[in-house]
Amino acid sequence: MSKAGLAQFQQVFIEESLEGLDTMESSLLALDNGGDGELVHTIFRAAHSIKGGAATFGFPEISSFTHEAESLLDEVRSGKRAIDAAIIEVMLRAVDCLRGMFARAQAGSPLNDAVAESLRNELAALMGRGAPAGGVQARRNVDQADAWTIRFRPHAGMLAGGNEPLRLIRELAGIGELTVTPELDRVPEFAKLEPTECHLGWTIELKGPAKRADIAGVFDWVEGECDLAIEAKHVVAEVAPAAAATPAAPAASVADAGAVRAQREASAESSSVRVSIDKIDGLINLVGELVITQSMLDTFREGGIDAARMAVLEQGLAQLARHTRELQESVMGIRMLPIASVFNRFPRMVRDISQKLGKQVKLELVGEQTELDKTVLEKIGDPMVHLVRNAIDHGLETPDKRRAAGKGDTGTLTLAASHRGGNIVVEVSDDGAGLNRDAIVAKAVQRGLVASGEGMSDDAVAELIFQPGFSTAAVTTDLSGRGVGMDVVRRNVADLGGTVTIRSTQGKGSVFTITLPLTLAIIDGLTAAVGDERYIVPLVSIVESVQLKAEAVRSVAGGGELFRFRGEYLPVIRLHDVFGCGEAIQAIDEGLMVVVEGEGTRVGLFVDGLIGQQQAVVKSLEANYRRVQGISGATILADGSVALIVDIAGLVRLQSRRKAA
Amino acid sequence: MGSKSNPQRKAGEARVIALPADFRLTELADVKAGLLQALEAASVEIDGAGVERVDTAALQLLLAFRRAASARGLPASWSGVSETMRDAAGVLGLTQALELPATMPA
Amino acid sequence: MAKILAVDDSASMRGMVAFTLRGAGHDVSEAENGQLALDAARGGRYDLVLADVNMPVMDGISMVRELRTMPEYKGVPILMLTTESHTDKKMEGKAAGATGWLVKPFDPEQLLATVKRVLG
């Protein structure tokens with residue numbers, strides 16, 4: 001077997017080890033908070049798997065490092081050592097160190113560094129020894145002879161345990177020439193014989209030069225399951241123990257190692273998804289159903305259609321539609337992974353930041369099993385990190401401030417994920433001080449974002465923090481004040497087709513709500529006609545569509561148009577203007593106003609009319625053409641023509657920029 | 001070779017026991033039951049021609065059976081022995097004790 | 001050739017074992033833990049079971065103990081995939097009814113040699 005064939009499992013190993021490290025970390029943190037002893041087993045198991053796999057998949061440095069950590073854990077697990085804060089601390093550092101080693105493994109750089117070396121020594125010192133014990137085992141009995149007598153009597157239960165004398169004696173035959181004499185006297189009377197028990201025994205004469213260790217090696221698995229005596233008949237020489245151990249040296253050639261690394265790097269680039277067997281089985285079933293339906297429909301190639309056959313045909317088409325839909329859902333499901341992998345980074349981060357700031361924070365995770373599209377999952381981490389940092393830094397108060405406000409010393413930070421309609425909603429909420437309206441207004445006035453806070457609703461004030469370059473902290477800490485503002489958070493989320501909103505109550509806390517599409521690959525949309533062209537408006541953005549009278553829309557100074565919708569004046573965006581479509585309807589009362597919402601702002605999209613609802617498979621415009629402002633992608637309609645997908649958030653930004661200009 | 005199985009034959013007649021293809025530990029309870037009945041027959045023929053897999057426990061069972069048969073004066077002969085069986089008996093040094101024929105009967 | 005059940009919670013280790021054995025022409029099924037392995041074993045008889053010791057839900061030792069209570073798994077070779085540092089685990093596995101063990105780390109050649117050893 002080629003080493004390269006195994007490289008695929010090397011990547012899997014790295015991925016599962018990183019998951020194992022996450023598990024170790026979260027379990028260590030739970031232990032720190034007084035979790036139960038089962039956690040120690042969980043941590044041990046993770047370390048144990050990493051150690052075993054690392055040695056198998058060619059990372060001896062990781063294996064040896066983990067061995068030290070595992071030994072320490074083993075003492076805790078077996079009750080020889082009590083778990084304390086110091087051990088949790090050093091284990092957490094070991095987790096970080098291993099993450100670094102795996103990162104270097106993926107990059108193909110040397111695995112050990114100074115940190116790893118010193119931590120490894122620290123772990124070894126905790127175990128009461130300076131260096132790991134060597135594997136040299138002195139064996140007094142090692143010798144060699146020309147002829148041996150082996151007496152072998154299996155215990156009654158040996159056969160049921162799967163060890164077969166046939167196999168053992170055949171193996172001995174590979175060492176030297178055998179004369180096998182059975183011992184039959186212990187076999188009970190036929191009627192009383194329990195067929196699965198062994199009552200035979202053998203005396204085996206072995207001729208030919210052989211080492212005791214080789215013979216004993218044949219019986220290694222049956223120690224304790226048989227009586228065994230190995231006697232030398234003609235001793236040749238005493239062999240020193242060190243020479244007796246022949247090290248198996250599977251030294252991979254340089255070329256092999258290079259191939260492995262190349263493979264590893266290649267697989268690191270194209271990201272992969274691990275799919276449960278259940279999901280794959282479900283897919284296979286569905287494909288099977290499709291094939292059956294297809295062959296049933298195939299029978300309609302020949303022969304005419306009468307009423308009876310028509311009914312069958314309709315039934316077949318209905319089946320085809322159902323299976324196609326189910327198949328689509330299942331395939332999309334493959335890209336869905338639980339948000340737990342993102343949530344799991346936060347316990348450690350919250351612990352570190354709150355300690356640094358002298359705050360007491362309890363982190364609550366809700367809905368960790370909520371599944372998200374893998375792409376969304378990979379990109380939602382950074383915005384969430386920012387929101388969590390902000391919440392601890394600016395939202396939650398120090399214990400004395402909390403006491404002064406009549407709250408408990410410990411603040412609560414909640415990360416919650418759930419399905420809501422066709423969306424995933426992720427909330428980052430805290431029970432801290434809430435937004436400081438006066439400070440925000442003052443800052444916004446200073447920045448020239450607004451003239452004054454007079455008449456602004458609380459929500460409108462809260463919206464100000466999403467403006468570019470906005471920062472309110474009286475003292476910029478090294479945690480949040482890193483030049484990344486809430487505007488970047490909003491833009492990152494918008495790039496995922498989602499929105500961020502905030503609800504805040506002074507003195508009670510804040511809730512940031514991220515709303516995300518279930519998947520980026522397919523959207524539900526309404527097809528709108530504008531002139532000769534078709535546009536898809538994402539269903540999630542649509543509030544309502546209304547037919548307006550011409551006089552309902554008013555022009556305002558500066559060239560914009562407004563219309564009244566539920567007591568609010570909304571700007572009009574004429575799609576034919578934005579995208580330059582010819583032959584489109586111009587008169588307000590002949591077309592349709594689609595009220596949409598993006599980034600917390602409502603606008604009216606003026607289109608000729610709506611054609612229907614459909615699911616659109618999103619094709620990247622960037623990959624096939626170039627990025628176009630106000631368009632998030634394209635899709636192919638049933639008739640083969642192309643429709644562009646409207647990017648509502650982008651249009652809203654475009655609109656506000658025009659207004660500002 | 002005789003017929004493969006005759007489970008309903010009355011005691012006092014000749015009996016043929018056909019050993020199963022998988023003649024190993026987990027199958028032995030059934031084989032033992034058949035052999036136990038055969039002890040009541042006038043003579044027994046053991047057909048091991050179809051044995052594809054065999055283990056120590058199986059040969060031990062046959063050994064105990066032959067001993068029981070000879071203690072009762074029941075003639076027990078082989079009507080067929082597969083290569084697999086012959087080889088296994090050889091490895092375990094049981095060829096003689098099982099009185100396996102030197103070559104297959106014609 | 002032989003029907004083999006590979007049991008390990010680590011996808012990489014399980015994958016390596018299955019890949020190697022399939023390469024040698026065996027019919028390999030995989031299970032993520034002891035409980036799933038028992039379900040698989042009840043569904044059909046395997047000629048050989050290879051099982052990790054430390055697994056969530058049901059560990060390898062408990063799995064062997066359960067397997068050995070099933071009449072059709074008497075005498076079927078069951079090998080524990082274990083690490084050298086745990087001699088006590090080897091003995092615990094043996095006491096539960098395991099046939100033998102394969103010490104991690106092992107490479108494909110060692111795996112094949114061991115499988116050949118038990119299957120003959």
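Given the structure is predicted, the values throughout are model-derived calculations rather than measurements.

All right, on to the overall build of chain C then. Along its length, chain C carries five helices and five strands. Starting at the N terminus, the α and β elements of chain C follow one another as β-α-β-α-β-α-β-α-β-α. Split into buried and exposed, the 120 residues of chain C put 54% on the buried side. Summarising the internal contacts of chain C: among those between residues at least 6 apart in sequence, 58% fall at separations of at least 24.

What follows concerns the nonpolar core. Among soluble globular proteins, nonpolar side chains are generally buried collectively. L98 and M101 of chain A together with L5, V7, V49, L50 and A51 of chain C are the most contacted members of the largest nonpolar core, which has 73 residues in total. Excluding residues that lie within four positions of it along the chain, L5 of chain C makes contacts with S29, A31, A37, A40, A41, Y46 and V49 of chain C.

Quick look at the sheet that holds strand β10 (residues 423–430) of chain A now. Residues and elements named next belong to chain A. Spatially, β7-β9-β10-β12-β11 is the arrangement adopted by the five strands of the open sheet, whose pairing is mixed. On the outer flanks of this sheet lie β7 (361–366) and β11 (499–505), each paired with one strand and no other. Across the sheet, the mean angle separating the axes of adjacent strands is 15° when strand polarity is ignored. Bridge analysis of β11 against strand β12 (residues 509–517) gives seven bridges, and the strand direction is antiparallel. Residue pairing for β12: R503 is matched across the bridge by V511. Relative to the sheet, helix α13 (residues 346–357) contacts β7 and β9 (411–420), its axis offset from that of β7 by approximately 165°.

Turning to the environment of H41 of chain A, a few remarks are in order. Here H41 of chain A is to be found in helix α2 (residues 38–56). As for H41 of chain A and D74 of chain A, which are separated by 33 residues in sequence, their C-alpha atoms are 8.9 Å apart.

To continue, consider the packing of helix α4 (residues 85–107) of chain A against helix α5 (residues 114–126) of chain A. Residues and elements named next belong to chain A. In the contact formed by α4 and α5, the axes pass within 10 Å of each other and the chain directions differ by 145°. Crossing angle aside, the handedness with which α4 passes α5 is left-handed. Seen from α4, the contacting residues are V90, R93, A94, C97 and M101; seen from α5, they are V115, A116, L119, E122, L123 and L126. Each residue belonging to the contact of α4 with α5 can be placed in one class, and the counts come to nine nonpolar, no polar and two charged.

What follows deals with the UniProt feature "modified residue: 4-aspartylphosphate" (unreviewed entry) in chain C. Residues and elements named next belong to chain C. UniProt records the feature "modified residue: 4-aspartylphosphate" (unreviewed entry) for D52 in the present numbering. Considering the arrangement of structural elements, one finds D52 in strand β3 (residues 48–52). By the C-beta count within 10 Å, which is 29 here, D52 ends up buried. Not counting chain neighbours up to four residues away, the residues in contact with D52 comprise V7, D8, D9, M13, G60 and L81.

With that settled, the discussion passes to the packing of helix α3 (residues 60–77) of chain A against α4 of chain A. Residue and element names in this part refer to chain A. Direction vectors running N to C along α3 and α4 enclose 160°, while the axes themselves pass 11 Å from each other. The angle between α3 and α4 places the two elements in the roughly antiparallel class. Every pair of crossing elements has a handedness; the one defined by α3 and α4 is left-handed. The residues of α4 that touch α3, namely those facing E61, I62, F65, T66, A69, L72 and V76, are I87, M91, A94, L98 and M101. Along the lines of polarity and charge, the residues of the contact of α3 with α4 split into 10 nonpolar, one polar and one charged.

Residues and elements named next belong to chain A. If you walk across this open sheet you meet the five strands as β21-β13-β14-β23-β22, and the pairing is mixed. Strand pairing shows two members of the sheet lacking a second neighbour, β21 (609–617) and β22 (631–636), which therefore form its edges. Across the sheet, the axes of successive neighbouring strands diverge by a mean angle of 35°, strand direction being ignored. Sheet topology places strand β14 (residues 533–538) next to strand β23 (residues 642–646); two bridges connect them, and they run parallel. Pairing of I536 across the sheet is with I645, part of β23.

Moving on: the interface of chain A and chain C. Each side of the interface is counted separately: chain A has 27 residues, and chain C has 30 residues. Listing elements by their share of the side of chain A that touches chain C, those giving two or more residues are α1 (3–32) and α2 of chain A. A per-element tally of the side of chain A that touches chain C places α2 of chain A first, with eight residues. The class makeup of the residues in the side of chain A that touches chain C is 11 nonpolar, 11 polar and five charged.

Let us now look at the pairing of β3 of chain C. All names here are of chain C. When you tally the buried positions in β3, you get five out of five residues, the bulk of the element. Here β3 shows no split at all, with L48, L50 and D52 on one side and V49 and A51 on the other all buried. Relative to β3, strand β1 (residues 3–7) runs parallel, the two being bridged by four bridges. Bridge assignment links A6 to a residue of β3, and that residue is L50. Direction of pairing for β3 relative to strand β4 (residues 78–83): parallel, over a ladder of four bridges. Directly across from D52, in β4, lies its bridge partner L81. The parallel pair β3 and β4 is bridged by helix α3 (residues 60–69), and the resulting crossover is right-handed.

The next subject is the pairing of strand β18 (residues 568–574) of chain A. All names here are of chain A. With four bridges connecting them, strand β17 (residues 561–565) and β18 associate as antiparallel partners. Among the inter-strand pairings, F563 is bridged to a residue of β18, identified as L570. Where β17 folds back onto β18 in an antiparallel hairpin, the turn is made up of two residues, including R566, whose phi is positive at roughly 50°. Sheet topology places β18 next to strand β20 (residues 601–607); three bridges connect them, and they run parallel. Residue V572 lies in a different strand from β20, and its bridge partner there is G604.

Reading the values: the criteria
Residues numbered from 1 in each chain as written. Chains lettered and ligands numbered in written order. Predicted model: local features only at pLDDT ≥ 70, side-chain atom pairs only at ≥ 80, totals over all residues. Helix = DSSP H or I, 4+ residues; strand = E, 2+ residues; numbered from the N terminus. Buried ≥ 20, exposed ≤ 12 C-beta atoms within 10 Å, placed from the backbone. Contact = placed C-beta atoms within 7 Å. Core = buried A, V, L, I, M, F, W, Y, C linked by C-beta atoms within 7 Å. Pairing = 2+ DSSP bridges. Axes fitted to C-alpha atoms, helices over the stretch in contact; angles between N-to-C directions. Left-handed = near helix turned anticlockwise from the far one by under 90°. Nonpolar A, V, L, I, M, F, W, Y, C, P; charged D, E, K, R; others polar. UniProt positions renumbered as here; feature names shortened; annotations may be inferred. Parallel < 35°, antiparallel > 145°, perpendicular 65-115°, else oblique. Right-handed = clockwise from strand over helix to strand, strands pointing away.

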